[in-house]
Amino acid sequence: MSHDHDPRAIRTEALERLLVDQGLITSAAIDTIIERYETDVGPLNGARVVAKAWTDSEYRTRLLNDGTAAIAELAIGGAQGEKMVVVENTPDVHNVVVCTLCSCYPWPVLGLPPAWYKDPAYRSRIVREPRKVLGEFGLTLDDNIEIRVWDSSAEIRYLVLPERPESVIDDDEEALAELVTRDSMIGVARIDA
Amino acid sequence: MEGIHDMGGSYEFPSSLAERDQEVFHAEWEARAFVLSNAYTGAGCANVDQFRHAIERLDPEAYLSDGYFGRWLGSIELMIADADGHVIPGRYTDHTAARNLHATPRFAVGDIVRTTNHNPPGHTRLPSYVRNRTGRVTLVQGGWVYPDTHAHHEGENPEPVYAVRFDGEELWGTEAEPHTSVTVDLFESYLEST
């Protein structure tokens, strides 16, 4: 570990020594887990789910009926994904996800959350003034579009199924997955192509 | 309990999100604190509800200034201090929270429900901005371990969870933006029929 004088870094080193001494984990295992979260677990998983839903209407139906099972079909699951609900954006309804109490987030499909998702500004404001907050993200929605904010206060985790850009007509799942952004699956962005 | 963590609808954090921080980890210690916290709960030293409640018990100033992973670190430190410095694995072996229910859920999709004025001194997952509010059940989510007791070594007491939708006007009055709602996953104990 680098020599960092942030008190939190020093406290973390102390906790690491304690838990390693107690046999709960090894420092090598910590490195391995960090690497796994940095490389394997991320929004690409969610993007694969969305691209499949865009190209396979039967999969889309299964995904909206039982998100957990349909996501597991792609061998995606794990901690913070025990039950997944997928909510679909349409021309009339826009969904956006938050956890006001603590920043819960669907790790298996989106990885770990970006700092702004955990920011008190996002946690406090998105439930009260979603139109204004989405505007700050660059997403201005007409007043006739219903906005549904989902506050994931229990163990159920939410994934937004964004609208497929009309301009993309080729059903190449891999190419489609590359268009799908993390922010669109939280619901603070649309996908333009 | 009410506290700094219960942020929904608060006016205390007015910052714009136009300039926003995209990082997952800002420093090596954040990543290590993340893994260490998971190792502590993963070994069964505590359950996730105790972990969340320990975050809620942190000093409010530290809650804000230590940041997200600083809070995780503080939570583990606090629970170890509660145990007089001991680390005791194996107290919790089941890391899932979904449970089969032996009774039929009291409410169904479409039912109008009202949240109670539930505000215990300990842990709860009823955010204060939806206390004493009327909404409609939109999903019945199955049975789940009840955090209000599980966080306090008082058992799992599983009960149904419902996604309850509240209109913006119900939550924010005339300040509400048009055509908006908030849907919150709530335990049956938080709800009564209207």
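Residues numbered from 1 in each chain as written. Chains lettered and ligands numbered in written order. Predicted model: local features only at pLDDT ≥ 70, side-chain atom pairs only at ≥ 80, totals over all residues.

**Section: the overall build of chain B**
Reasoning step 1: Within chain B one finds six helices and six strands.
Reasoning step 2: In chain B, the order of α-helices and β-strands from amino to carboxyl end is α-α-α-α-β-β-β-α-β-α-β-β.
Reasoning step 3: Taking the principal axes of its C-alpha atoms as reference, chain B extends roughly 50 × 50 × 25 Å.
Reasoning step 4: The burial tally for chain B puts 42% of its 194 residues in the buried class.
Reasoning step 5: Across chain B, the fraction of contacts at a sequence separation of at least 24, relative to all contacts at a separation of at least 6, is 68%. (Helix = DSSP H or I, 4+ residues; strand = E, 2+ residues; numbered from the N terminus. Buried ≥ 20, exposed ≤ 12 C-beta atoms within 10 Å, placed from the backbone. Contact = placed C-beta atoms within 7 Å.)

**Describing the overall build of chain A**
Reasoning step 1: Tallying secondary structure elements over chain A gives 11 helices and four strands in all.
Reasoning step 2: Its C-alpha atoms give chain A principal-axis dimensions of roughly 55 × 35 × 30 Å.
Reasoning step 3: In chain A, 70% of the contacts between residues at least 6 apart in sequence involve partners at least 24 apart.

**Regarding the domain arrangement of chain A**
Accessible area lost when the parts come together is the quantity often used to give the size of an interface.
Reasoning step 1: Looking at chain A, the domain boundaries give domain 1 (7-39) and domain 2 (43-186).
Reasoning step 2: Here the C-alpha centre of domain 2 of chain A lies 31 Å away from the C-alpha centre of domain 1 of chain A. (Domains from an automatic or database assignment.)

**Brief notes about the interface of chain B and chain A**
Reasoning step 1: Chain B puts 58 residues into the contact, and the matching count from chain A is 56 residues.
Reasoning step 2: Sorting the residues of the side of chain B that touches chain A by element identifies helix H1 (28-42), helix H2 (48-56), helix H4 (67-82), strand S3 (134-144) and strand S5 (180-187) of chain B as the ones contributing at least two each.
Reasoning step 3: Residues that form the side of chain B that touches chain A fall into these classes: 31 nonpolar, 14 polar and 13 charged.
Reasoning step 4: Bridge count for strand S3 (residues 146-151) of chain A against S5 of chain B is five bridges, and the pairing is parallel. Paired with valine 149 of chain A across the strands is valine 182 of chain B, a residue of S5 of chain B. (Nonpolar A, V, L, I, M, F, W, Y, C, P; charged D, E, K, R; others polar. Pairing = 2+ DSSP bridges.)

**Focus on H2 of chain B**
Three- or four-residue spacings in an α-helix give side chains the same orientation, since the helix completes a turn every 3.6 residues.
Residue and element names in this part refer to chain B.
Reasoning step 1: Of all nine residues in H2, eight are buried; the element is thus mostly enclosed.
Reasoning step 2: Here H2 has its buried residues at Asp49, Gln50, Phe51, Arg52, His53, Ala54, Ile55 and Glu56.
Reasoning step 3: At its buried positions, H2 is contacted by H1, H4 and helix H5 (147-150).

**Considering unusual backbone geometry**
For residues that are not glycine, phi is negative in most cases, and the peptide bond is trans in most cases.
Reasoning step 1: Here the phi dihedral of serine 103 of chain A falls at roughly 80 degrees; this positive angle occurs in a residue that is not glycine.
Reasoning step 2: Here serine 103 of chain A lies in the loop between strand S2 (93-98) and helix H6 (107-110).
Reasoning step 3: In this structure serine 103 of chain A comes out as partly exposed when scored by C-beta crowding, with 19 C-beta atoms within 10 Å.
Reasoning step 4: Within the chain, histidine 179 of chain B stands out as a residue other than glycine whose phi angle is a positive 60 degrees.

**Details of the confidence of the model for chain B**
Fine structural detail should not be taken from predicted coordinates in areas where pLDDT scores are low.
Reasoning step 1: For chain B, per-residue confidence averages 97 on the pLDDT scale, and 100% of positions sit at 70 or higher.
Reasoning step 2: In the predicted assembly, ipTM is 0.98 and pTM is 0.97. (pLDDT = per-residue confidence, 0-100.)

**Here we look at the pairing of strand S2 (residues 112-115) of chain B**
Residue and element names in this part refer to chain B.
Reasoning step 1: What you see with S2 is a clean split: Val113 and Thr115 sit on the buried side and Ile112 and Arg114 on the side with no burial.
Reasoning step 2: Here S2 pairs with S3 via three bridges, running antiparallel. Bridge pairing in S3 places valine 113 opposite glycine 135.

**So, the environment of aspartate 151 of chain A**
Reasoning step 1: Among the secondary structure elements, aspartate 151 of chain A is positioned in strand S3.
Reasoning step 2: By the C-beta count within 10 Å, which is 26 here, aspartate 151 of chain A ends up buried.
Reasoning step 3: The spacing of aspartate 151 of chain A and valine 98 of chain A is 53 residues in sequence and 5.0 Å in space, taken between C-alpha atoms.
Reasoning step 4: When near neighbours in sequence (up to four residues on either side) are disregarded, aspartate 151 of chain A contacts Val98, Cys99, Thr100 and Val127 of chain A together with Gly8, Pro127, Val182 and Val184 of chain B.

**Description of the domain arrangement of chain B**
Residue and element names in this part refer to chain B.
Reasoning step 1: When the domains of chain B are assigned, the result is domain 1 (1-94) and domain 2 (98-193).
Reasoning step 2: Facing 11 residues of domain 1, the contacting portion of domain 2 comprises 13 residues.
Reasoning step 3: Taken together, the residues of the side of domain 1 that touches domain 2 break down into one nonpolar, five polar and five charged.

**Here's the deal with the environment of glutamate 177 of chain B**
Reasoning step 1: Within the element layout of this structure, glutamate 177 of chain B appears in the loop between helix H6 (168-172) and S5.
Reasoning step 2: Note on glutamate 177 of chain B: 16 C-beta atoms within 10 Å, which makes it partly exposed.
Reasoning step 3: Not counting residues up to four positions away in its chain, the partners in contact with glutamate 177 of chain B are Glu129, Pro130 and Arg131 of chain A together with Gly168 of chain B.

**What about the packing of helix H2 (residues 27-39) of chain A against H1 of chain B?**
Reasoning step 1: Relative orientation of the contacting elements H2 of chain A and H1 of chain B amounts to 105 degrees, with a least axis distance of 10 Å. Between H2 of chain A and H1 of chain B, the angle falls in the class roughly perpendicular. Two secondary-structure elements touch here, H2 of chain A through Ile30, Ile33 and Ile34 of chain A and H1 of chain B through Ala31, Arg32 and Val35 of chain B.
Reasoning step 2: Of the residues in the contact of H2 of chain A with H1 of chain B, the class split is five nonpolar, no polar and one charged. (Axes fitted to C-alpha atoms, helices over the stretch in contact; angles between N-to-C directions. Parallel < 35°, antiparallel > 145°, perpendicular 65-115°, else oblique.)

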